[in-house]
Structure formats: C-alpha cells, structure tokens
Amino acid sequence: MQINYINNSSEASWRAYQKYLKPILKETLRLTGNQEHVSVNVVLVDDPEIHTYNKDFRDIDRPTDVLSFEDGETEDGIFQMGDIIISVDAIRRQAKDYEHTLKREFCFLVAHGYLHLLGYDHHTPEEEKEMFGLQKEILNDIAPKND
C-alpha cells in the first residue's frame, strides 16, 4: 500500500493529518473487498486551486470540497487508484457547518475520495445510501462523529 501525501496548501499544520490516511485506506479496502496492493495520491489544496480543477475537468465554475480522478491501471501488480484533491478551506468550513472536528471532516473527505476511486458514487438514493453507509462504517473507529 502506497499513499503519496502532498500538501499544496500554505499551511504546514495539515502534515499531522497524514497519519489517518493509511488506517482509512485499509478499512476502505477491507469493507469493499479490495486487495491492499494499491497506490493513491492525496493532495491538499486551497479553494482557488480546487476551483481551477473543478472548472477545467468538470466545467463547474466554483470550488468544491473533494475531487477524485480515477486511474484504474495496474503496474507491477499494484493497482493505481488515482488522485484525490481536497480543499483545506472546505475542511474548515464544513467542520464548522456540520459541527465536526477538523480531523473528522478531513477523514470523511478522504474516505469519500477513496470510495469514488473504487467506483462508488451517490447519484441515486440507493448509491448514496450505500456510499454514505460505507463512509460511516469506515470512520467509526478512526474518526467518530464526536471526535
């Protein structure tokens, strides 16, 4: 399991959150029945940068909280999941809005991104129920709601 963590935000404090990436990925892979020979990139950015990605790749002219770009190739027996781009500005905003800790919101967006890279989505009520149920289960021990 390889996780590349890139902090493109101007805040060094986000480095401390790297320790949650592996436990979240392990639990995500376990619950979805996927193997652990994977590689993924997690990139932290600010709102202006994620706004650019959202406009360029999704033709949506506003910032968002998280974007996932699937790779799906296998190289040397390692499944390349892809890239997750997360806005640190959105983490702060949403933590406040949902009355979560920064840790909980960070972990939620990471789990959300991992699931998207594994093919999960939330376009229909059924898909949303499955994906959000998995997210809740993934985060139960790692970043409980009141944590």
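Quick caveat, the model's predicted, so the values are computed rather than measured.

(A) Representation of unusual backbone geometry within the structure. Unlike most non-glycine residues, Asp59 shows phi in positive territory, near 55°. Here Asp59 shows up in the loop between helix 2 (47–58) and strand 3 (66–70). With phi around 55°, Glu99 is a residue other than glycine that occupies positive phi space. Its place among the elements puts Glu99 in the loop between helix 3 (88–97) and helix 4 (102–117).

(B) A look at the packing of aromatic side chains. If you walk through the whole model with that rule in mind, you get 9 aromatic pairs. Taking the centre distance of 6.5 Å and the plane angle of 25° together, the rings of Trp14 and Phe106 count as stacked. Taken together, the positions of Trp14 in the loop between strand 1 (2–7) and helix 1 (21–32) and Phe106 in helix 4 put the pair 92 residues apart, joining distant regions of the chain. As far as burial versus exposure is concerned, Trp14 and Phe106 are alike and both buried. Relative to Phe69, the ring of Phe57 has its centre 5.1 Å away and its plane inclined at 65°; by these criteria the two rings are edge-to-face. One end of the pair, Phe57, is in helix 2; the other, Phe69, is in strand 3, and 12 residues separate them in sequence. Taken together, the ring pairs connect Tyr5, Trp14, Tyr17, Tyr20 and Phe106 into an aromatic cluster.

(C) How the structure looks around a negative patch on the surface. Among the surface-exposed residues, Asp71, Glu73, Glu75 and Asp76 lie close enough to one another that they form a single negatively charged patch. By secondary structure assignment, the location of Glu75 is in strand 4 (residues 74–75).

(D) Structural detail: the nonpolar core. Judged by nonpolar contacts, the single largest core of 35 residues is most densely connected at Ile24, Ile86, Phe106 and Tyr114. Tallying contributions element by element places helix 4 first for this core, with 9 residues. Once residues lying within four places of it in the same chain are set aside, the contact partners of Ile24 are Cys107, Val110, Ala111, Tyr114, Ile138 and Ile142. Core analysis: the second largest hydrophobic core is formed by 5 residues, Val43, Val45, Ile50 and Ile85 among them.

(E) Main features of helix 4. Taking 1.5 Å of rise per residue, the 16 residues of helix 4 would be expected to cover 22 Å, and the 23 Å separating its terminal C-alpha atoms lies within 8% of that figure. The buried count for helix 4 comes to 15 of 16 residues, which makes it a mostly enclosed element. Gly119 sits one or two residues past helix 4 and shows a positive phi near 100°.

(F) Structural view of the pairing of strand 5 (residues 78–87). In terms of burial, strand 5 is largely enclosed, as 7 of its 10 residues are buried. Here strand 2 (residues 38–45) runs beside strand 5; their pairing, made up of 8 bridges, is parallel. Residue pairing across strands places Leu44 opposite Ile86, the latter belonging to strand 5. Note: strand 4 against strand 5, 2 bridges, orientation antiparallel. Bridge pairing in strand 5 links Glu75 to Ile78. Hairpin connection between strand 4 and strand 5: a loop of 2 residues separates the two successive antiparallel strands, and Asp76 in this loop has a positive phi of roughly 55°.

Analysis parameters
Residues numbered from 1 in each chain as written. Predicted model: local features only at pLDDT ≥ 70, side-chain atom pairs only at ≥ 80, totals over all residues. Heavy atoms only, no water. Helix = DSSP H or I, 4+ residues; strand = E, 2+ residues; numbered from the N terminus. Phe/Tyr/Trp six-rings, centres within 6.5 Å; stacked < 30°, edge-to-face > 60°. Buried < 20%, exposed > 50% of the residue type's maximum accessible area, 1.4 Å probe, protein only. Patch = residues over 30% accessible without salt bridge, like charges linked within 9 Å, V, L, I, M, F, W, Y side chains within 5 Å. Areas by Shrake-Rupley, 256 points an atom, 1.4 Å probe, with all protein chains shown as cover. Salt bridge = Lys/Arg side-chain N within 4 Å of Asp/Glu carboxyl O. Lys, Arg positive; Asp, Glu negative; His and termini not counted. Charge placed at Lys NZ, Arg CZ, Asp CG, Glu CD. Core = buried A, V, L, I, M, F, W, Y, C linked by side-chain atoms within 4.5 Å. Contact = heavy atoms within 4.5 Å. Expected span 1.5 Å × (residues − 1). Pairing = 2+ DSSP bridges.

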